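# Chains, contacts and geometry: an overview
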Amino acid sequence: MTNVLDATDLRVQLGGESVLGGVSLSVERGEFVGLVGPNGAGKTTLLHTLNGTRLPDAGAVRVDGEPVGAQSSREVARQVATVPQETTLSFSFSVADVVEMGRTPYVSRFGTTTPADHEAVERAMAAAEVAEFADRSVQSLSGGERQRVLLARALAQETETLLLDEPTASLDINHQVRTLELVADAVADGRAVVAAIHDLDLAARYCDRLLLLADGGIRAAGEPASVLASDALQTAFGVSTELSEDPTTGTPRVTAVTDRGSTPSEDGPVPDAE
Amino acid sequence: MDASGAWRRAGVYAVALTGVLALVVTVSAGVGPVSIPAVEVGQVILNAVRLPVGVEFTGGGSGLLRVPSVEILTHAPFGFAVDDTHTAIVRTVRLPRILLAAFVGIALAAAGTVMQGFFRNPMADPSIVGVSSGAAAGAVASIVLPFALPFGIGLQLAAFLGGIVAGFAVYLIATRDGRTPTATLLLVGVAIQTLLSAVVSAMILFSGDSMRRVVFWLMGHLKNAGWGDVAAAAVVVPPLVVALAAYARDLNVLLLGEVDASALGVDVERSKRALLAISSVLTGAAVAVAGVIGFVGLIVPHGVRLLVGPDHRVLLPTSALAGGSFLVAADTVARAGTIELPVGIVTAAAGAPFFLYLLRTREVYEL
């Protein structure tokens, strides 16, 4: 087995409500897994459980066969990197400073960064295409540029597993595609990637495999086309869908259909859990 | 910016600011009813320098355990001819007070820097988790109700213990299931501060003859400082500031939010506990020896952050040393006039306009 990331029967309760009710998944090296599902399905909670920042009430996450719960956050951070949905970047740190924070799990208290750290930071900034504004303050960047800085920070952690929470949520179409291309590059380098992606068409276009998460459980899993064609998708989102092929990319395209023939937004009525 | 050069940059600033502090101390020691030129002050200080040149073992006592007493031989390398009165004024009156001001300023500015980063709030200061209020309650209790305190403990110990107990109580109340959310901590701190200020007010009401002493203490003062206070501060403050510096990198990452920091490998709750405990001890010690001196822990970190940026590896040492110089200068102004002012009035009166000036000119309204 070449699974880097293994989660078995994860159960998480938040404020007495079951958010994850027995989720299992495994990801191989060089595999791009997309996590799709309606708002409030538990995608963010699942990602927080996978990176060890939230301990599950039951079940276990293993990275390279080692249980995450038994390791320090420092050890886990050398194996799993996370690109958060949003982060407080209201400080005048430079882009290079923020990316260098990705080296936190490698640097000792008073230790200075080594040449190896420098190279990792340079590589990450080049890979995420943020090197040209390395000295600028993160506050001066656009949303798409900030997202790439956070991606660079995660790449600088030099982990085998990369988790992304809605990396394209607030980006325009140019930056959506550009960001996912960069993630696809990281997958091509042999990383295992799990990304929560709101946009079903983009998920189908870039991911090797999709997991449909709804009501705290995985309702469908497999090839993007099969997951998007499943009845579970219509049930999960509570809307009828038509599947077609995108004439440009040749990848599956989902269109929501209502009685009135209009296409509502994908946002469900339930707010996304923390 | 070269990210790995942060410690180096911190070192350069620290050396420069230590020089500034030494200069401020020297000038300050010349100011007072008897004016002494700075050069002469420098000579007095240099005359006091002793270099260890050897160790002498003397015989050993009688009795079962013949413990030889060890005497360190010293040599005074400088022997400037200085007026004896001036030497006495500088060494026994002014220097202890000035050095205590420096240590208190360093402690308050370091604790304030950490609290502002910790709470991601530029209005945070060392008193935010209730340590200053607890120390004030302890000190006022020892003045107003000395009979009510166990073992006849003194004002400074009462203040220090009051501060530590208040800070610890705030932490315990705000902690649930091993997690201490900063928002809860902030609110509990405000509540405890309010409660303790009610206690202090009530004690002032019944303080009778000692009211003047209570009010003077509450305003913050460095009068009557002795070498004993300086020695205590020298033992407590520098090691704790270095201990805080060990968490500077964690503090940087914590600025991104706790979930992010945890995902980047920071043991969030442990780092928070350490930062809170160390800065509480620093604040409690500072308040115990000098009363409640406001604004130093608020303005100095903020002003220095506008100049050197948010990286705590640079910000913490520079802010601490700048705080030392600032309080020495403020206390010099406080004691220079014909009527001595509590230094807390000077720090507030000088600090607030400077703070507003920085905010207006730099147009920086966030941390």
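These numbers come from a predicted model, not from an experiment.

### A closer look at empty space enclosed by the protein
Summed over all chains, the structure comprises three cavities of 30 Å³ or more. Here the largest cavity defines a volume of roughly 60 Å³. In this structure, the largest cavity is lined by F93, D97, E100 and M101 of chain A together with R249, N252, V253, D311 and R313 of chain B. Elements that contribute at least two residues to the lining of the largest cavity include exactly α3 (95-100) of chain A together with α9 (248-254) of chain B. Looking at which element gives the most residues to the lining of the largest cavity, the answer is α9 of chain B, with three residues. Tallied by class, the residues present in the lining of the largest cavity amount to three nonpolar, one polar and five charged. Its boundaries defined by the atoms lining it, the second largest cavity holds a volume of some 50 Å³. Along its surface, the second largest cavity is lined by G117, F118, R120, T182, L254, E258 and K272 of chain B. Class assignment of the residues belonging to the lining of the second largest cavity gives a composition of two nonpolar, two polar and three charged.

### Remarks on the nonpolar core
Membership of the largest hydrophobic core comes to 158 residues, with the highest contact counts inside it found for F32, V95, V99, V149, L151 and L162 of chain A together with V104 of chain B. No other element matches the 17 residues that helix α3 (residues 84-118) of chain B contributes to this core. Shared between two domains, this core holds at least three residues of each, these being domain 1 (1-79 + 159-274) and domain 2 (88-158) of chain A. Discounting residues that sit within four places of it in the chain, V149 of chain A has contacts with V95, V98, V99, V130, F133, V138 and L141 of chain A.

### Concerning the layout of surface pockets
When its volume is computed, the largest pocket comes out at roughly 990 Å³. Around the largest pocket, the lining is made up of 35 residues, and of these T53 and R54 of chain A together with R179, S262 and E269 of chain B lie nearest the centre. Listing elements by their share of the lining of the largest pocket, those giving two or more residues are β1 (3-14), α2 (73-77) and β6 (80-83) of chain A together with α6 (182-205), α10 (258-263) and α11 (268-290) of chain B. Here the lining of the largest pocket gets four residues from one element, more than from any other, and that element is α10 of chain B. In terms of residue class, the lining of the largest pocket is made up of 12 nonpolar, 14 polar and nine charged.

### Focus: helix α13 (residues 312-336) of chain B
Taking 1.5 Å per residue as the helical rise, α13 of chain B with its 25 residues ought to reach 36 Å, and the 35 Å between its terminal C-alpha atoms agrees with that figure. In terms of burial, α13 of chain B is a largely internal element, 21 of the 25 residues being buried.

### A look at the domain arrangement of chain A
Often, the extent of an interface is quoted as the loss of accessible area upon association of its parts. All names here are of chain A. If you check the domain split of chain A, you get domain 1 (1-79 + 159-274) and domain 2 (88-158). Inter-centroid distance (C-alpha atoms) of domain 1 to domain 2 is 25 Å. Contact with domain 1, which involves 16 residues of that partner, is made by 17 residues of domain 2. Across the interface of domain 1 and domain 2, roughly 1,400 Å² is buried in total on both sides, 57% from carbon and sulfur atoms. Looking at the side of domain 1 facing domain 2, the largest losses of area belong to R74, R178 and L182, adding up to 34% of the total buried there. Our count for the domain 1 to domain 2 interface comes out at one salt bridge. The salt bridge involving R178 is made with E129; its shortest N-O contact spans 3.0 Å.

### Structural notes on the sheet that holds strand β3 (residues 32-36) of chain A
Residue and element names in this part refer to chain A. One open sheet accounts for six strands, arranged β6-β7-β8-β3-β9-β10; its pairing is mixed. Looking at which strands have only one partner, the edges of the open sheet turn out to be β6 and β10 (217-222). Averaged over all neighbouring strand pairs, the angle between strand axes comes to 20°, with direction disregarded. In terms of strand pairing, strand β7 (residues 161-165) meets strand β8 (residues 192-196) through five bridges, oriented parallel. Among the inter-strand pairings, L162 is bridged to a residue of β8, identified as V193. Lying over the sheet, helix α1 (residues 43-50) contacts β3, β7, β8 and β9 (209-214), oriented at roughly 155° with respect to β7. Along the sheet face, helix α6 (residues 173-188) touches β3, β7 and β8 and points at about 135° away from the line of β3.

About the criteria used
Residues numbered from 1 in each chain as written. Chains lettered and ligands numbered in written order. Predicted model: local features only at pLDDT ≥ 70, side-chain atom pairs only at ≥ 80, totals over all residues. Heavy atoms only, no water. 1 Å grid on protein atoms, 1.4 Å probe; cavity = no way out; pocket = protein on both sides within 12 Å on 5 of 7 lines; lining within 4 Å. Points joined across faces, edges and corners; volume = space filled by probe spheres on them. Helix = DSSP H or I, 4+ residues; strand = E, 2+ residues; numbered from the N terminus. Nonpolar A, V, L, I, M, F, W, Y, C, P; charged D, E, K, R; others polar. Core = buried A, V, L, I, M, F, W, Y, C linked by side-chain atoms within 4.5 Å. Buried < 20%, exposed > 50% of the residue type's maximum accessible area, 1.4 Å probe, protein only. Domains from an automatic or database assignment. Contact = heavy atoms within 4.5 Å. Expected span 1.5 Å × (residues − 1). Buried area = accessible area lost by both parts, 1.4 Å probe. Salt bridge = Lys/Arg side-chain N within 4 Å of Asp/Glu carboxyl O. Pairing = 2+ DSSP bridges. Axes fitted to C-alpha atoms, helices over the stretch in contact; angles between N-to-C directions.

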